[in-house]
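Observations on chain architecture
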Amino acid sequence: MLKYILRRLLFSIPVLIGASFIAFLIIALAPGDFLDQQRMNPTIKQEKIHQLEKEYGLDKNVFIRYGLWIKNVLKGNWGYSFSYKMPVWNILGGRLEATLLLSITTFIFSWGIGIPLGIYSALHQYTVSDQFLTVFGFIGISIPTFFFSLLWLFMSAKTHWFPVGGMISNSFDNLPWWKQIGDYFWHVIGPMVTLGYASLASTMRIMRGQLLDEMNKEYVQFVEAKGMPRKTKIYKHALRNAINPIVTALGYTLAGLLGGSLITENIFGWPGMGSLMLQALNMQDQFLVMANLMLSAFLLIIGNLVADILLAAVDPRVRFRLS
């Protein structure tokens, strides 16, 4: 298993290089660059503009500029953000914490509730509770995230049950540490529910369908004919095979949470990477966009690696193939 993990990490290096080159090329081919605002500022002299162009390689072709960027990244220098007036990594550090808080809580919300509900729905097929969960799932799959977010904000503004946007309260600095933690989670409920509802619904429906499919297969009927208890038949045999597609989708789910949080973060005023990415694109902040993309690509690779390890843990056939 260790060799497999090391091999996957080595294979991820050319993937990251290829993704970074394509992203860099697309950004470089777009009209304008991150020095346009400095050029339009009459207080900045042309000599200073020429100096910045030479410093960041804007007077060279895109391939040389990409090589200079990679060289600086390998030295730990991710570039300077002209829109925020500070090194790129200092900006990403604070935003990454907010995005991870939202993504992890959303993942626990969608998987922690979706999988048990899918199992319950499969074991109570065609009952009233199964029909209710089916309607609940179809609503979650069909309703757009941005529309659900607006409905949540409307409900919060009318009832005052939940905060209307933001990550902390105005009195956050005066709260004791344990209330500050509670304040974080109180504010993340809205973005978490609206972002995770669709994922919860799809996880529940996939889990229900997979478990029903496995329970109708011959090996499960054979286990039942041998007189094994119903719980053993379901949870030891059918569920282990039914959960494989859910585990395989883990890496894509993580990427979807990071990408899909862009809309939710903007609606709720959540200071995460999604809203930062949108601002960086509008400001043509090339180094900030590249660092954001590379961090997202790295998290996607890690998510897929974790999914493969979990798949090997639940499926002996995968462990045998990897060994």
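From a predicted model like this one, the values you see are computed outputs, not experimental measurements. (Residues numbered from 1 in each chain as written. Predicted model: local features only at pLDDT ≥ 70, side-chain atom pairs only at ≥ 80, totals over all residues. Heavy atoms only, no water.)

1. A few points about the overall build of the protein chain
- A tally of helices and strands in the protein chain yields 15 helices and two strands.
- C-alpha extents for the protein chain along the principal axes are approximately 85 × 55 × 40 Å.
- With 323 residues in all, the protein chain has 40% of them scored as buried.
- Summed over its atoms, the accessible surface of the protein chain is roughly 18,200 Å², and 67% of this surface lies on carbon and sulfur atoms.
- Of the charged side chains in the protein chain, 27 are positive and 18 negative; the average position of the first set lies 8 Å away from that of the second. (Helix = DSSP H or I, 4+ residues; strand = E, 2+ residues; numbered from the N terminus. Buried < 20%, exposed > 50% of the residue type's maximum accessible area, 1.4 Å probe, protein only. Areas by Shrake-Rupley, 256 points an atom, 1.4 Å probe, with all protein chains shown as cover. Lys, Arg positive; Asp, Glu negative; His and termini not counted. Charge placed at Lys NZ, Arg CZ, Asp CG, Glu CD.)

2. A short note on the pattern of salt bridges
- Evaluated as defined, the whole model comprises three salt bridges.
- Between E214 and K217 there is a salt bridge whose closest N-O contact spans 3.2 Å.
- Judged by relative accessible area, which is 7%, E214 ranks as buried.
- Note on K217: relative accessible area 34%, which makes it partly exposed. (Salt bridge = Lys/Arg side-chain N within 4 Å of Asp/Glu carboxyl O.)

3. Observations concerning the UniProt feature "transmembrane region" (unreviewed entry) in the protein chain
- Here the UniProt feature "transmembrane region" (unreviewed entry) sits at residues 9-30, 98-120, 132-155, 184-207, 246-268 and 288-314.
- Across residues 132-155, the secondary structure splits into 92% helix and 0% strand, with the terminal C-alpha atoms separated by 23 Å.
- In residues 288-314, helix accounts for 100% and strand for 0%; the two terminal C-alpha atoms are 39 Å from one another. (UniProt positions renumbered as here; feature names shortened; annotations may be inferred.)

4. Considerations on unusual backbone geometry
- For Y126, which is not glycine, the phi torsion reads 70° and is therefore positive.
- Locating Y126 in the fold gives a position in the loop between helix 5 (88-123) and helix 6 (128-142).
- We classify Y126 as exposed; its relative accessible area is 63%.
- Of note, H160 is a non-glycine position whose phi angle comes to about 60°, a positive value.
- For H160, the position within the fold is in the loop between helix 7 (145-159) and helix 8 (177-215).

5. Some details on the domain arrangement of the protein chain
- Examined at the domain level, the protein chain breaks down into domain 1 (1-88) and domain 2 (94-312).
- Inter-centroid distance (C-alpha atoms) of domain 1 to domain 2 is 33 Å.
- Counting residues at the interface gives 29 residues for domain 1, matched by 22 residues for domain 2.
- A buried area of about 2,300 Å², summed over both sides, lies between domain 1 and domain 2, and 73% of it is on carbon and sulfur atoms.
- Linking domain 1 with domain 2 are zero salt bridges, by the criterion used here.
- Our count for the contact surface shared by domain 1 and domain 2 stands at one residue pair in polar contact (both at pLDDT 80 or more).
- Elements with a contribution of two residues or more to the side of domain 1 that touches domain 2: helix 1 (2-29), helix 2 (36-40), helix 4 (62-74) and strand 1 (80-81). (Domains from an automatic or database assignment. Contact = heavy atoms within 4.5 Å. Buried area = accessible area lost by both parts, 1.4 Å probe. Polar contact = N/O pair within 3.5 Å; in protein donor to acceptor, adjacent residues only side chain to side chain.)

6. Examining the side chain of T203
- By the secondary structure assignment, T203 is in helix 8.
- A polar atom in the side chain of T203 sits 2.7 Å from the backbone oxygen of S199.
- Beyond its immediate sequence surroundings of up to four residues, T203 is in contact with S110, W111, G114, I115 and I246.

7. Remarks on the environment of N90
- Here N90 lies in helix 5.
- In this structure, the C-alpha to C-alpha distance between N90 and W78, residues 12 residues apart in sequence, is 9.9 Å.

8. Concerning the packing of aromatic side chains
- Taken as a whole and judged by the stated rule, the model has 13 aromatic pairs.
- Where F24 meets Y66, the ring centres are 5.5 Å apart and the plane angle is 70°; that geometry is what we call edge-to-face. One end of the pair, F24, is in helix 1; the other, Y66, is in helix 4, and 42 residues separate them in sequence. For the pair F24 and Y66, a shared accessibility class is recorded, and that class is buried.
- Ring centres of W152 and F162 lie 5.0 Å apart, and the angle between their planes is 40°; on these two criteria the pair is classed as tilted. Of this pair, W152 sits in helix 7 while F162 sits in the loop between helix 7 and helix 8, and the two are 10 residues apart along the sequence.
- Given a relative accessible area of 10%, W152 falls into the buried group.
- By way of ring pairs, the aromatic residues F21, F24, F63, Y66, W69, W78 and W89 are connected into one cluster. (Phe/Tyr/Trp six-rings, centres within 6.5 Å; stacked < 30°, edge-to-face > 60°.)

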